[in-house]
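Chain by chain, the residues:
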Amino acid sequence: MEQGWRWELSPVHLLRLRHHTQDDDTLSPALRLDTFKMAMHTPDSAMADGPVAELLLRRLEASDGGLDSAELAAELGMEHQAVVGAVKSLQALGEIIEAELRSTKRWELTAEGEEIAREGSHEARVFRSIPPEGLAQSELMRLPSGKVGFSKAMSNKWIRVDKSAADGPRVFRVVDSMEDEVQRRLQLVQGGQAEKLGEKERSELRKRKLLAEVTLKTYWVSKGSAFSTSISKQETELSPEMISSGSWRDRPFKPYNFLAHGVLPDSGHLHPLLKVRSQFRQIFLEMGFTEMPTYNFIESSFWNFDALFQPQQHPARDQHDTFFLRDPAEALQLPMDYVQRVKRTHSQGGYGSQGYKYTWKLDEARKNLLRTHTTSASARALYRLAQKKPFTPVKYFSIDRVFRNETLDATHLAEFHQIEGVVADHGLTLGHLMGVLREFFTKLGITQLRFKPAYNPYTEPSMEVFSYHQGLKKWVEVGNSGVFRPEMLLPMGLPENVSVIAWGLSLERPTMIKYGINNIRDLVGHKVNLQMVYDSPLCRLDAEPRPPPTQEAA
């Protein structure tokens, strides 16, 4: 007797077929065949508002307590997400159903774990591939499971290596037979008996990436106060036709949810550096400072070094510390009358100073570079101030990028931002500087400060500023400060009784302290986690800094 074919449709496919034909007996056989194909290929998600929801309601009517969405999806032979879509669409209709979200954890095999459960572990496959006369180690290593299986089989003492063999190291069996425990354990998990494994056994399988713990989110669906198997579509808009005909009185309307959150518009997110920068800028403006122009990343050696009374043989001017430009290699325009006064101060002295007593070279001063500090912008601003008569006290600040040929580590980069404050007035002293610094850093929320004497070519006296970093558990340098030397100010043309106090700090280190970041490369560069940029809160520098992340969280 010839074997015939028989089509068997699942309940979902039957509902889809009825949904497409709408019980129309007038369709021709050809049209019915096309409709049948359409029903078979309709995506589950497209039916969430129709047949799937209808079937869910019928099953729920016949049940005593409720239904589990995952179990229902398995019974119907469909994707779980299609059932979830039907649940959510029914929830939107009111109190027809009640749905409780439940989360359960279970163990699942990875792709490699499924392969081992089917074919055996790597070490077992290596053991079986070794004949009684042994196998050359080089040949064994070329097997698909050779490298991993060899080390595991050696640790299990199933095999040994004879390095004295004539044709090179040779691998032999040590035992006649073995039990593949890895395969057995994975098969237990595959059969839904993961609870029979101990914590140590599961941990070992996880380390080998054969086992994974997954969280399954399902819905427990039960009947609502307005439960019904017939679904009537609720209106969402009141049209002019409904008002004119009066049909709105007999139509159900979907209630407004005034507590629902709107869809967040797509937008960019400020990097923590920009958030902290805006706060620094606001603090300077509140203290009465004026922002200096700092638009030139490329600077001449004259403004970057010579104008600051930094000698031309200073180590900071070496290529190991500074990025020099090849094209254009030299600056063409310099204020030559001021240049001559700077040259005389360096080589011969003046203004109560003996200078450095060396031959100052204009060619060296013309060399272009990527500025190493924003103090070059301060020098330009003070020079412009000196040309204005009479002298007027000023408070300047700048926040911009600088470049140094630094060795990269947890707190240093070759490119970073520098914040600088400058105050010019009559009779300013180191006490004024310390007072301004404490006021400035207190506004940042940084109260643990230490001052340490330091040396700078262009300030005397000079101080380094340190703050305690809770994440690194040590004092970290956050700034440098001092009183500009007369050899720098007087050649500009400033009055002799005018003093200028200044300080500078990086933008990155206070940001690290504020946001609890221990490594500057997690803040700037290719290793930055963009999710960190998205999640970083608003910056309030006068508030308490965030605690650093724990080792587990990191």
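See the structure printed just above.
Values in this document were obtained by computation on a predicted structure and should not be read as measured data.

*Asks:* So what exactly am I meant to see when it comes to the pairing of strand β12 (residues 449-456) here?
*Replies:* The two faces of the sheet receive side chains in turn, since in a regular strand these alternate between them. With seven bridges connecting them, β12 and strand β13 (residues 459-469) associate as antiparallel partners. Bridge pairing in β13 places R450 opposite F466. The turn linking β12 back onto β13 is made up of two residues.

*Asks:* I'm lost on helix α17 (residues 375-386) in this one. Help?
*Replies:* Think of an α-helix as 3.6 residues a turn; residues three or four steps apart then line up on the same face. An ideal rise of 1.5 Å per residue puts 16 Å on 12 residues; α17 measures up with 16 Å between its terminal C-alpha atoms. The buried fraction of α17 amounts to 10 of the 12 residues, a majority that puts the element mostly inside the structure. Turning to α17, its buried residues number three or more, namely T375, S376, A377, S378, A379, A381, L382, Y383, L385 and A386.

*Asks:* I would appreciate a short explanation of the nonpolar core in the present structure.
*Replies:* Generally speaking, a soluble globular protein has its nonpolar side chains buried in company with each other. Within the largest apolar cluster, 35 residues are counted, with the highest numbers of intra-cluster contacts made by F280, L437, F440, F441 and W503. Sorting elements by how many residues they give to this core places helix α13 (residues 272-286) first, with five residues. W503 has contacts with F284, F289, I419, E420, G421, V423, L433, V436, L437, F440, N480 and S481, leaving out every residue within four places of it along the chain. Counting 32 residues, the second-largest nonpolar core is a separate cluster that includes V342, F484, M488 and V500.

*Asks:* Explanation requested: the pattern of salt bridges in the structure shown.
*Replies:* Oppositely charged side chains are able to pair whenever their charged atoms sit close together. For the structure on display, the rule yields 21 salt bridges. The residue R118 makes a salt bridge to E119 at a minimum N-O spacing of 3.9 Å. Taking the relative accessible area as the measure of exposure, R118 reaches 58% and is therefore exposed. With its nearest N and O atoms 4.0 Å apart, the salt bridge here joins R185 to E181.

*Asks:* Would you mind going over the sheet that holds strand β2 (residues 97-109) with me for this structure?
*Replies:* Sheet strands pair via backbone hydrogen bonds, and the direction of the pair is either parallel or antiparallel. Strand order in this open sheet of three strands is β1-β6-β2, and the pairing throughout is antiparallel. The outermost strands of the open sheet, each flanked by one partner alone, are β1 (67-68) and β2. Two elements, β1 and strand β6 (residues 211-223), share two bridges in a ladder whose sense is antiparallel. Following the sheet pairing, D68 is matched in β6 by W220. Sitting on the sheet, helix α5 (residues 80-91) is in contact with β2 and β6, with an inclination near 35° to β6.

*Asks:* Could you clarify how one ought to interpret the layout of surface pockets in this entry?
*Replies:* Vacant regions in the atomic arrangement are exposed by a probe of water-molecule size rolled over the atoms. The volume enclosed by the largest pocket comes to roughly 980 Å³. In terms of lining residues, the largest pocket is bounded by 38 residues, among which T372, R404, Q418, E477 and N480 are the most central. Those elements that place two or more of their residues in the lining of the largest pocket are β11 (415-426), β12, β14 (474-484), β15 (498-506) and α20 (508-515). Here the lining of the largest pocket takes seven residues from β14, the largest share from any one element. Of the residues contributing to the lining of the largest pocket, the split by class is 13 nonpolar, 18 polar and seven charged.

Each value, and the rule that gives it
- Residues numbered from 1 in each chain as written.
- Predicted model: local features only at pLDDT ≥ 70, side-chain atom pairs only at ≥ 80, totals over all residues.
- Heavy atoms only, no water.
- Pairing = 2+ DSSP bridges.
- Helix = DSSP H or I, 4+ residues; strand = E, 2+ residues; numbered from the N terminus.
- Expected span 1.5 Å × (residues − 1).
- Buried < 20%, exposed > 50% of the residue type's maximum accessible area, 1.4 Å probe, protein only.
- Core = buried A, V, L, I, M, F, W, Y, C linked by side-chain atoms within 4.5 Å.
- Contact = heavy atoms within 4.5 Å.
- Salt bridge = Lys/Arg side-chain N within 4 Å of Asp/Glu carboxyl O.
- Axes fitted to C-alpha atoms, helices over the stretch in contact; angles between N-to-C directions.
- 1 Å grid on protein atoms, 1.4 Å probe; cavity = no way out; pocket = protein on both sides within 12 Å on 5 of 7 lines; lining within 4 Å.
- Points joined across faces, edges and corners; volume = space filled by probe spheres on them.
- Nonpolar A, V, L, I, M, F, W, Y, C, P; charged D, E, K, R; others polar.

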